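# Geometric and topological summary
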Protein chains: 2
Amino acid sequence: MGPVSTEPSATADPHEVLGYLLKHATLKLTALTDAALEPLGIDSKDFGALRVLAHREPASQLQVAQTLGIDRTTMVALLDVLERKGIITRRPDPTDRRRNVVQLTEQGMQTFDAAQVAHGRAESAFLAAISPNATDQLRQTLRTLVEN
Amino acid sequence: MGPVSTEPSATADPHEVLGYLLKHATLKLTALTDAALEPLGIDSKDFGALRVLAHREPASQLQVAQTLGIDRTTMVALLDVLERKGIITRRPDPTDRRRNVVQLTEQGMQTFDAAQVAHGRAESAFLAAISPNATDQLRQTLRTLVEN
DNA sequence: ACTGATCGTCAGTACTACTGACGATCAGGC
DNA sequence: GCCTGATCGTCAGTAGTACTGACGATCAGT
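Residues numbered from 1 in each chain as written. Chains lettered and ligands numbered in written order. Predicted model: local features only at pLDDT ≥ 70, side-chain atom pairs only at ≥ 80, totals over all residues.

By the naming in an unreviewed UniProt entry, chain A is MarR family transcriptional regulator, taken from Actinoplanes xinjiangensis.

## So, the confidence of the model for chain A
A residue-level look at chain A finds 89% of positions with pLDDT of 70 or above and a mean pLDDT of 87. Here residues 1-11 of chain A is a poorly scored stretch, pLDDT under 50, and it has seven contacts once near neighbours within four places are set aside; other chains count. (pLDDT = per-residue confidence, 0-100. Contact = placed C-beta atoms within 7 Å.)

## Quick word on the sheet that holds strand 1 (residues 59-60) of chain B
Residues and elements named next belong to chain B. Taken together, three strands build an open sheet; the order of strands is 1-3-2 and the sheet is antiparallel. Pairing within the sheet leaves two strands with one partner each, and these edge strands are strand 1 and strand 2 (88-93). Taken together, the six bridges between strand 2 and strand 3 (residues 96-104) define a ladder with antiparallel strand orientation. Across the sheet, the residue bridging to Pro-92 is Asn-100, located in strand 3. Along the sheet, helix 2 (residues 44-55) makes contact with strand 1, strand 2 and strand 3, crossing strand 3 at roughly 100 degrees. Docked against the sheet, helix 4 (residues 72-84) engages strand 2 and strand 3, running at close to 115 degrees with respect to strand 2. (Pairing = 2+ DSSP bridges. Helix = DSSP H or I, 4+ residues; strand = E, 2+ residues; numbered from the N terminus. Axes fitted to C-alpha atoms, helices over the stretch in contact; angles between N-to-C directions.)

## Examining the interface of chain A and chain B
Contacts between chain A and chain B engage 46 residues on the former and 46 residues on the latter. Within the residue set of the side of chain A that touches chain B, elements represented by two or more residues are helix 1 (18-37), helix 2 (44-55), helix 3 (61-68), helix 5 (106-127) and helix 6 (132-147) of chain A. Among the elements that take part in the side of chain A that touches chain B, helix 1 of chain A stands out by supplying 13 residues, more than any other. Counted by class, the side of chain A that touches chain B contains 21 nonpolar, 17 polar and eight charged residues. (Nonpolar A, V, L, I, M, F, W, Y, C, P; charged D, E, K, R; others polar.)

## Section: the relation of the copies chain A and chain B
The operation relating chain A to chain B is a screw motion whose rotation component is 180 degrees, with 0.0 Å of axial translation and a residual RMSD of 0.1 Å. Such values leave the two copies arranged in the relation of a two-fold axis. In this assembly the copies share their binding face: 100% of the residues contributing to the interface of chain A also contribute to that of chain B. (Least-squares fit on C-alpha atoms with pLDDT ≥ 70 in both.)

## As for the protein's contact with DNA strand D
What surrounds DNA strand D is a group of 18 residues, the closest being A:Ser60, A:Gln61, A:Leu62, A:Thr73 and B:Asp71. Listing elements by their share of the surface near DNA strand D, those giving two or more residues are helix 3, helix 4 (72-84) and strand 3 (96-104) of chain A together with helix 4 and strand 3 of chain B. A class-by-class count of the residues in the surface near DNA strand D yields three nonpolar, six polar and nine charged. (Near = placed C-beta within 6 Å.)

## Looking at the sheet that holds strand 3 of chain A
All names here are of chain A. Pairing is antiparallel in the open sheet, where three strands are placed in the order 1-3-2. The sheet is open, and its two edges are formed by strand 1 (59-60) and strand 2 (88-93), each paired on a single side. Alignment of strand 1 against strand 3, held across two bridges, turns out to be antiparallel. Counterpart to Ala-59 in the pairing with strand 3 is Val-102.

Written as structure tokens, this is what we have:
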């Protein structure tokens, strides 16, 4: 138990509340990342999918969705856009024709490489105000919290 | 600079990416908080407004909105609900009749006190996996990142 | 009094992600 | 070899959130 204040409002500054801080940190990083990726024709959401595919391809749509923590119905529209842009391809999995094999195209790999650079710059800008040590600590703490 | 890998995909694990971690930490905390506040008839978004009002009331709608970092048009609907529930009141500011003075009702203060307890429990549950030290560090780091 | 800005409100829009349902397909029991 | 139940991708519909643009009422400065 921490110190008990007589005024309940003593802890009411929104900027002290974890929920506020987490939400606005997310918003800020997303805005920076989207701006950095915009010249490549993708956003941070698309980049998430590309990252999964570059890491473990080929994969089914469901595998990608689960890795990202989004619904499989959400993945459909996301891949529709990437397919229309020539960044990924879908074809039926020969070993299980319920599934689609999702793969980066040659152009998709180039886009991903460029996106990684852009994303790195955005993340660095976001983290500029804190030390590399604090960054590692932050990443570690968040990973623990998310994985419970 | 960290070690440079020949495979760009080496850093592609989504669980290492800050954007993913921040987003999912936010989602998890929000879910916990909403669940804890649900018996009181409010959610984490409402609680944010209550916190501002309890901290610095009376205030205009715009002041509350800006403190929370949301649009003033969004605040309208939010306060509509809280007013209908008897938690806050709106009346024209005598000194500037463009503004509404927003204030917690007696019932609103009781709701807020109960909400603070519930919120504290949810936040503690969220933070259970890390040390108090890491919690302080996390709060400090996020504050720096958000305030830039 | 006039001009420009501010506040609250509302309609309309955009985005995101979900639920529920469907057809096609697979796996296991018999 | 069929059934039965489950899985995958798809789509329509829905809900939540927050925005833009516009409006009337009001204020401040000239």
